[in-house]
Amino acid sequence: MNLLLQSPVLAVVIPLLLFVVIYMVERRSWRLRNALAVLAPLASFVLLAVNYPRVLAGESILVEFPAILPPLGMSFSVDYLSLLVGLVVAGVWFLVTVYSTEYMAKEHAKNRYYPFATLTLAGTLGVVLSGDLFTLFLFFELMSLSAYVLVVHEETPEAMRAGYKYLVLTIIGGLALFFAIIAVFEIAGTVSFTAGGFVAEASGLAVLAFYGFLLGFGIKAGIVPLHVWLPEAHPVAPSPASALLSGIMLKTGVYGLIRVVFNVFGSEVIRDAGLDTILLILAAVTIFLGSAVAIAQDDIKRRLAYSSVGQMGYILLGIGLLQERALIGAIFHIFAHAIMKSTLFLSAGAIIYKTGKRRVSEWRNLGREMPLTMVSFTVAALSMIGIPPMVGFVSKWELALGSLDAGSWGFVLLLLLSSLMNFIYYFPVIQSTLFGAQHGTSDSPSKARELPLAMLAPIIVMALVIVFVDLFPQSGVLDLAKRAAQALFLVVK
Amino acid sequence: MFSVNHAPVLIVVMLLAAGFIVPLLRKKMALGRILFLSVGLVVVILSLLTTFAVLESGTMVYAVGGWPAPHGIELVVDAFAAYSSLVISVISLIIYWFVVFAPREVKHEAGYYALILLLSAAMHGIVMAGDIFNLFVFVEISSLAAVAIIAVKGTKESIEASFRYLMLSALGSGGLLFGIALLFMITGQLSMEYMRVALSTTAGQYPLNLLTALGFMVIGFGVKSALFPLHIWLPDAHANAPTGSSALLSGLVVKVYIIAFMRIAYMTLGMDLFYILPLRQILLVLASLSILAGSVFAIVQDNIKRLLAFSTVAQVGYIFLGFSLLTERAVEGAIWHILIHAIMKTLLFLAVGVVIHQSGYKKISQIHGLARRMPWTFAAITLGALSMVGIPGTAGFISKLYLALGALDAGQAIFAVLILVSSLLSAIYYFPLIITAYFGHDASPDVKEPSLVVRLPLAVLSLAILFYGLMPSMLLPLVRQTALLITR
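An account of the accompanying structure is given in this report. (Residues numbered from 1 in each chain as written. Chains lettered and ligands numbered in written order. Predicted model: local features only at pLDDT ≥ 70, side-chain atom pairs only at ≥ 80, totals over all residues. Heavy atoms only, no water.)

### Overview of the interface of chain B and chain A
Alright, step 1. Each partner contributes residues to the interface: chain B has 35 residues there, and chain A has 28 residues.
Alright, step 2. Of the roughly 2,600 Å² buried at the junction of chain B and chain A (both faces included), carbon and sulfur atoms supply 83%.
Alright, step 3. Three residues stand out in chain B for area buried against chain A, namely B:Leu408, B:Leu420 and B:Phe439, and they jointly supply 23% of the buried area on that side.
Alright, step 4. Notably, a salt bridge pairs B:Arg329 with A:Glu186, separated by 3.4 Å at the nearest N-O pair. (Contact = heavy atoms within 4.5 Å. Buried area = accessible area lost by both parts, 1.4 Å probe. Salt bridge = Lys/Arg side-chain N within 4 Å of Asp/Glu carboxyl O.)

### Quick notes on the nonpolar core
Alright, step 1. Within the largest apolar cluster, 385 residues are counted, with the highest numbers of intra-cluster contacts made by A:Phe213, A:Phe265, A:Ile331, B:Phe323, B:Trp336 and B:Tyr430.
Alright, step 2. In contact with A:Phe213, not counting residues within four places along its chain, are A:Leu133, A:Leu177, A:Ala180, A:Ile181, A:Val184, A:Gly218, A:Leu257, A:Val260 and A:Phe265. (Core = buried A, V, L, I, M, F, W, Y, C linked by side-chain atoms within 4.5 Å. Buried < 20%, exposed > 50% of the residue type's maximum accessible area, 1.4 Å probe, protein only.)

### Focus: the packing of aromatic side chains
Residue and element names in this part refer to chain A.
Alright, step 1. Overall, the coordinates contain 37 aromatic pairs over all chains when judged by the stated rule.
Alright, step 2. For the pair Phe 213 and Phe 265, a centre-to-centre distance of 6.3 Å together with 85 degrees between the ring planes defines the contact as edge-to-face. Linking Phe 213 in helix H8 (residues 204-221) with Phe 265 in helix H10 (residues 239-265), this pair joins segments that are 52 residues apart in sequence. In this pair, the class of Phe 213 matches that of Phe 265, namely buried.
Alright, step 3. Joined through ring pairs, the aromatic side chains of Phe 140, Phe 210, Tyr 211, Phe 213, Phe 217 and Phe 265 make up one cluster.
Alright, step 4. It is Arg 259 that lies over the ring of Phe 193; its NZ or CZ is 5.5 Å from the centre. (Phe/Tyr/Trp six-rings, centres within 6.5 Å; stacked < 30°, edge-to-face > 60°. Helix = DSSP H or I, 4+ residues; strand = E, 2+ residues; numbered from the N terminus. Lys NZ or Arg CZ within 6 Å of the ring centre and 35° of its normal.)

### A word on a nonpolar patch on the surface
Residues and elements named next belong to chain A.
Alright, step 1. Together, Ile 281, Val 285, Phe 288, Leu 289, Ile 295, Leu 417, Leu 420, Phe 423, Ile 424 and Phe 427 give the surface a local cluster of nonpolar side chains, amounting to about 790 Å² of exposed area.
Alright, step 2. Only helix H12 (275-295) and helix H18 (409-434) provide two or more residues apiece to the nonpolar patch.
Alright, step 3. Turning to its location among the elements, Ile 424 is positioned in helix H18. (Patch = residues over 30% accessible without salt bridge, like charges linked within 9 Å, V, L, I, M, F, W, Y side chains within 5 Å. Areas by Shrake-Rupley, 256 points an atom, 1.4 Å probe, with all protein chains shown as cover.)

### What to know about helix H15 (residues 375-389) of chain B
All names here are of chain B.
Alright, step 1. With 15 residues, H15 extends 21 Å between its outermost C-alpha atoms, agreeing within 8% with the 21 Å of an ideal straight helix rising 1.5 Å per residue.
Alright, step 2. The element H15 is largely enclosed, with a buried count of 12 among its 15 residues.
Alright, step 3. The complete set of buried residues in H15 reads Thr 377, Phe 378, Ala 380, Ile 381, Thr 382, Leu 383, Gly 384, Ala 385, Leu 386, Ser 387, Met 388 and Val 389.
Alright, step 4. Gly 390 lies just past H15 and shows a positive phi near 95 degrees. (Expected span 1.5 Å × (residues − 1).)

### Focus: the packing of helix H4 (residues 80-103) of chain A against helix H14 (residues 324-355) of chain A
Residues and elements named next belong to chain A.
Alright, step 1. Where H4 contacts H14, the axes come no closer than 10 Å and their chain directions differ by 5 degrees. In terms of axis orientation, H4 runs roughly parallel to H14. Only Ile 331, Ile 334, Phe 335, Ala 338, Ile 339, Ser 342, Leu 346, Gly 349, Ala 350 and Tyr 353 of H14 make contact with H4, whose side of the interface consists of Leu 81, Leu 84, Val 85, Val 88, Val 92, Val 96, Tyr 99, Glu 102 and Tyr 103.
Alright, step 2. Residue classes in the contact of H4 with H14 are distributed as 16 nonpolar, two polar and one charged. (Axes fitted to C-alpha atoms, helices over the stretch in contact; angles between N-to-C directions. Parallel < 35°, antiparallel > 145°, perpendicular 65-115°, else oblique. Nonpolar A, V, L, I, M, F, W, Y, C, P; charged D, E, K, R; others polar.)

### Structural notes on helix H2 (residues 29-57) of chain B
Owing to its 3.6 residues per turn, the α-helix aligns residues three or four sequence positions apart on the same side.
Alright, step 1. With 29 residues, H2(B) should reach 42 Å at 1.5 Å per residue; the first-to-last C-alpha distance of 41 Å fits that figure.
Alright, step 2. Two residues or fewer after H2(B) comes B:Gly58, characterised by a positive phi angle close to 80 degrees.

### Points about the pattern of salt bridges
Alright, step 1. Enumeration according to the criterion identifies 19 salt bridges over all chains in this entry.
Alright, step 2. Between A:Lys165 and A:Glu232 there is a salt bridge, and its shortest N-O distance comes to 2.8 Å. Highlighted residues: A:Lys165 in helix H7 (residues 157-188) and A:Glu232 in helix H9 (residues 230-236), separated in sequence by 67 residues.
Alright, step 3. For B:Asp236, the salt bridge goes to B:Arg164, with nearest N and O atoms at 2.7 Å. In this pair, B:Asp236 sits in helix H9 (residues 234-240) while B:Arg164 sits in helix H6 (residues 156-187), placing the two residues 72 residues apart along the sequence.
Alright, step 4. It is possible to trace a salt-bridge network through shared partners that takes in B:Glu160, B:Arg164, B:Asp236 and B:Arg306.

### Let's talk about the packing of helix H1 (residues 7-25) of chain A against helix H2 (residues 30-49) of chain A
Residues and elements named next belong to chain A.
Alright, step 1. The geometry of H1 relative to H2 is characterised by a closest axis approach of 8 Å and an angle of 175 degrees between their N-to-C directions. The orientation of H1 relative to H2 falls into the category roughly antiparallel. Residues Ser 7, Leu 10, Ala 11, Ile 14, Pro 15, Leu 18, Val 21, Ile 22 and Val 25 of H1 form the contact with H2, whose participating residues are Leu 32, Arg 33, Leu 36, Ala 37, Ala 40, Ala 43, Ser 44, Leu 47 and Leu 48.

### Some remarks on the pairing of strand E2 (residues 74-77) of chain B
Residues and elements named next belong to chain B.
Alright, step 1. Covered by surrounding structure in E2 are Glu 74 and Val 76 together with Leu 75 and Val 77, the residues of both alternating faces.
Alright, step 2. Bridge count for strand E1 (residues 60-63) against E2 is four bridges, and the pairing is antiparallel. Directly across from Met 60, in E2, lies its bridge partner Val 77. (Pairing = 2+ DSSP bridges.)

None of this, on its own, says anything about what the molecule does.
Have a look at this one:
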């Protein structure tokens, strides 16, 4: 067995096995538990990274297991898109887990947190690396259900309520996906992702299946009006879990939509049936409402959660325009938002960890006490607003150009409006924390100090990525996004 | 000397004989238990042999005592019979093990084993009988034994429940007998094979008689397999029975009557009748109502065993739905579900029985944080519940997949949606059970896990759920052959 050939499978299977291993060793040694939890995403990252040269050389990697679950079978594949998203997932997951070893030290039930975080990783990577709809669905459910344990970690009544809402909507989404997948199987007799799609025409059942996909992935991605669980579930989770939920797991929803639009239906069928209009309307509503409601939130984690809703709208916009440039923006934004939102959640979590203050209005003058954390927060927030040269600017730029290519001026205005709203809700935070000393409370002695290294390092690393990825094009992220978008528009009939 | 041809009849005879011998060993109960378990094991081996023989060389016909039909008694072991018999024998063996080693809930141990053995013999008899009258006799034995294994618990509720079950079941038997009599009147035959031949020429002359006969059979088997609205006896009966009996009744007995109905339908009448008469429509509607009503009632239950019982009503609906959709994949789904529901529901009833015995708590609202005290048992319950909801990777997903695909094949997407709605409902009633058990205040520090021998059946069933969830290919040929028998 060639290890390299199996590496995408191993990238999923290793976290899955480590889930069991962690569960067995955690009572004996918490050090080993933490080490294994950190090792899992690192191993997956490496196992994916070794595929980079082959993928870049244009090889498509496909590993099939037809014997599992007939008549559908299982398969794993790596192409540009799944490599990019998979590396983002594993990389961010690694940093967040490093952070959580320190952050969670004070928390209860760590023996539950780490195994389930690892299991969720296996599910998330499975979604990204699956070669067909059915495998994707299998891991999608694994991810969603094990993430429930992370959502309700605090076990407070609010957490249980939010968790229940999350769970019910997850099940509804899962069933919608299930229906859509079997409908597609009924129509086409296959569920394997194909360049240019395999659904030949938008028959009634096909359109119904599309709505099923939209419902299933839309709930996960937090598309308005299916987002209702998100602003409740993301804030109640412990901060590292919030970072994973908002930064990573939301992306599986849009990732699924990209696959459905381009590799199941194909952009032609979607456009002929007018389904792109629905995507665009949803995107516009999501961008506008997500950003607008975020302004009204005082709880920092709720503000960040609503901001995520708005940002998912960007990606949906990039998909719905059915236009290569816009799709580049969408794919790049998967990467950009994962990094930005994780940085924001981790640094906000760090502040809550140190000061216990969840409300933005209480965050005065923290920049003096925790300069590095606050600078990272600021960098990520500026990037969210779309200031060059941060990564957030790049995705907005591509999206705006894509909208122009598609001849839709309105969306450019919407993007600008959303940037303005981002500014409105991020800037006061930056201002009061970095320059809030004048407002009088500075004399009160504060106990907040800079963070321990295990928490600080991941935040700084991600902040550096935000600033420098775009300055060094040879890092290849944008290139990968471009190739991914090109490959998705490639039609082989 | 031993030929595999004798295996089917040996299964029935051994179980019957053991049913009479075990009570004689009441003074030497250790010996009785060994006999009980070893008969169960031998039956599993025999049904395995039968299954391989059927897969290899097609339907086996065994003339009991060497007297061929139409006058002698025949066992007709086709793929469906072999499959059913295999499911019954394996699941029963697991339940036997549990009943022997779990803490005793029944006073008369030997008598209880005897009843269980008789019930098993009757179930094997039902699925293998070649003539309709023997089928009826076995149905009667199993009905009475089923009533008795509820009543043996001896509590007021269980006796009341078993009495109600007895009344309704007797009504069902009456309907069944009347249906059989009408068929006999039309054809002059009792052997199902000869009946089919006779019916192929005479059916046209007696459409009304046939319709009436079928109507009575639907009612008869509908009562016994708890098809809505004839399910009213089931929740009380299954919830108040001893743990092992609940598992047997919910896991196997209700399904055996569905199998019997299907066998009569395809062996004597042919499935065309489903289309000529409005039978298919009627069954589809009743099955859908079963699914919805069972799920909705289950949601409002606080008593865990009643919840499981109502869930059985819904799951029986799935099986009827699959059979009456009559596309190949839907029928395959129904056949899968016979096995898979048997695994899941047996697991759930056994595990919940363990929980009730160890903690004394019978209600969802009481089990806060109990999973921390009984991690293994609750892991099994969680797996069973996930499988009931149909989460991919568990066995429950397989049958749902086939059923939903079958519904689409039939061009009836509405039934695929129904299956999804029902999955959502089952999530709504199963998840609170799990969530309550894992989270919340730990109110019961002195509750412990049962011994390893009691946990063994739970472990075996849990592994089966995972195994069939991912690798169902092992049984696929058998399921496919059975589906072909019905849909050809």
